[in-house]
Amino acid sequence: MNFTMFVFYVLSAILVFAGIRVVTAKNPIHAALFLVLAFFNSAGLWLLMEAEFLAITLVVVYVGAVMVLFLFVVMMLDINIEKLREGFWKNLPVAAAVGIIMVFEMAMILASPSARLDAYQAAAPLAADFSNVKVLGRQLYTTYLLPFEVAAVVLLLAMVAAIGLTMRSRKDTKAIDPALQVKVKRNDRVRLVKMQAEQPAEESTVEEASEAESGKQQA
């Protein structure tokens, strides 16, 4: 067993453990952190397969963006853990059936003659300046250009649909109409009031003030 196989088995064991803990962890935050660990180990396995672009994408997109956002949402929500556990045991038979089917399919694939080690042919060694990112980009924009554009349009439509579904009018929310804001003029928002800076005092008030002052001096 060489060092590459040793690293493969270590990463695979940690990945299986993290995947099991994602399902069995009682705390949702712990489950999300175990999912982050599973993503990191998956990226390590892709690095062993010389798929650097996929490994970096997994770490940057999923770990750096999606899982961080998921952790913030989980921490901000008041989640009833006991209710989640009830749902877990309720859906356990269906999950167990799906898991057994997946294990059976993987066993059939691994038991096929083409998956045996004696029938495996190692790929030719790659050059030192080989870039799988360059090869992937060339395949996307030449051979698979049409499916790539179709997938981009589908994602754009999904984003527009999500925005449209969340912008439903409700009575308890205050919405701003940009069209009305553009039509607003200065006279509609600002009113200028002219006032005199100084007002002359009345004569009776001045006489009363002088009499009060003289009375104080006589006293």
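Since this is a predicted model, take the numbers as computed values, not measurements. (Residues numbered from 1 in each chain as written. Predicted model: local features only at pLDDT ≥ 70, side-chain atom pairs only at ≥ 80, totals over all residues. Heavy atoms only, no water.)

Some points on the nonpolar core
Our working definition: Put simply, buried Ala, Val, Leu, Ile, Met, Phe, Trp, Tyr and Cys residues joined by side-chain atoms within 4.5 Å make one nonpolar core. Per-residue accessibility, obtained with a 1.4 Å probe over protein chains only, is compared with the maximum for each type, and a residue is labelled buried under 20%, exposed over 50%, and partly exposed between these values. Here a helix means four or more residues in a row that DSSP labels H or I, a strand means two or more in a row labelled E, and each is numbered from the N terminus. Only heavy atoms enter the contact rule, under which two residues are in contact if any of them lie within 4.5 Å.
Judged by nonpolar contacts, A32, V36, F39, A43, A55, L58, V63, M67 and L71 together constitute the single largest core of nine residues. Elements supplying a minimum of two residues to this core: helix 2 (28–48) and helix 3 (52–76). No other element matches the five residues that helix 3 contributes to this core. Excluding residues that lie within four positions of it along the chain, A32 makes contacts with M67, F70 and L71.

Describing the UniProt feature "transmembrane region" (unreviewed entry) in the protein chain
As a reminder, the rule being used: UniProt positions are given in the numbering used here, feature names are shortened, and annotations may be inferred rather than shown by experiment.
UniProt tags residues 6–24, 31–49, 55–79, 91–111 and 144–165 as "transmembrane region" (unreviewed entry). The distance separating the terminal C-alpha atoms of residues 91–111 is 30 Å; by composition the span is 95% helix and 0% strand.

A word on the packing of aromatic side chains
To keep it simple, the criterion reads: Any two rings among Phe, Tyr and Trp, with Trp reduced to its six-membered ring, count as a pair given centres within 6.5 Å; such a pair is stacked if its planes are under 30 degrees apart, edge-to-face if over 60, and tilted if neither.
Inspection of the entire model under this criterion finds four aromatic pairs. Aromatic side chains F8 and Y9 sit 5.5 Å apart centroid to centroid with 65 degrees between the ring planes, which places their arrangement in the edge-to-face category.

Some remarks on the packing of helix 2 against helix 3
Which entries qualify depends on this criterion: Axis definition: a line fitted to C-alpha atoms, limited for helices to the stretch in contact. Angles are taken between N-to-C directions and run from 0 to 180 degrees. Each angle is binned into one of four classes, with values under 35 degrees roughly parallel, values over 145 roughly antiparallel, values of 65 to 115 roughly perpendicular, and all other values oblique. Classes in brief: Ala, Val, Leu, Ile, Met, Phe, Trp, Tyr, Cys and Pro nonpolar; Asp, Glu, Lys and Arg charged; the others, Gly included, polar.
One way to put it is that helix 2 packs onto helix 3 with a least axis distance of 9 Å and a crossing angle of 175 degrees. The angle between the axes of helix 2 and helix 3 places the two elements in the roughly antiparallel class. The segment helix 2 lies against helix 3, with P28, I29, A32, L33, L35, V36, F39, F40, S42, A43, W46 and L47 engaging E52, L54, A55, L58, V59, Y62, V63, M67, F70, L71, V74 and M75. Class assignment of the residues belonging to the contact of helix 2 with helix 3 gives a composition of 22 nonpolar, one polar and one charged.

Digging into a nonpolar patch on the surface
Test applied: Patch definition: residues above 30% relative accessible area lacking any salt bridge, with like charges linked at up to 9 Å and the nonpolar side chains Val, Leu, Ile, Met, Phe, Trp and Tyr linked at up to 5 Å. Values of accessible area rely on a 1.4 Å probe in the Shrake-Rupley scheme; residue burial ignores everything except the protein chains shown. Whenever a carboxyl oxygen of Asp or Glu lies within 4 Å of a side-chain nitrogen of Lys or Arg, that contact is scored as a salt bridge.
Together, W46, M49, F53, L54, V133 and L136 give the surface a local cluster of nonpolar side chains, amounting to about 520 Å² of exposed area. Where the nonpolar patch is concerned, the elements lending two or more residues are helix 3 and helix 6 (132–143). The topology assignment puts W46 in helix 2.

Observations concerning helix 3
Three- or four-residue spacings in an α-helix give side chains the same orientation, since the helix completes a turn every 3.6 residues. So the rule is basically this: Between the first and last residue of a helix there are one fewer steps than residues, each counted as 1.5 Å, and that sum is the expected span. Working definition for bend: take the seven residues up to and ending at a residue and the seven starting at it, fit an axis to each, and measure the angle between the axes.
For helix 3, built from 25 residues, the straight-helix expectation of 36 Å at 1.5 Å per residue is met to within 8% by its first-to-last C-alpha distance of 34 Å. In the structure, helix 3 departs most strongly from a straight axis at Y62, where the bend amounts to approximately 30 degrees. The set of residues buried in helix 3 consists of A55, L58, V63, M67, L71 and V74. Buried residues belonging to helix 3 abut helix 2.

Structural notes on the environment of A43
Tracing the sequence through the fold places A43 in helix 2. Among the residues examined, A43 registers a relative accessible area of 4% and is labelled buried. In this structure the C-alpha to C-alpha distance between A43 and T57, which are 14 residues apart in sequence, comes to 8.7 Å. Residues in contact with A43, not counting those within four places in the same chain, are A55, L58 and V59.

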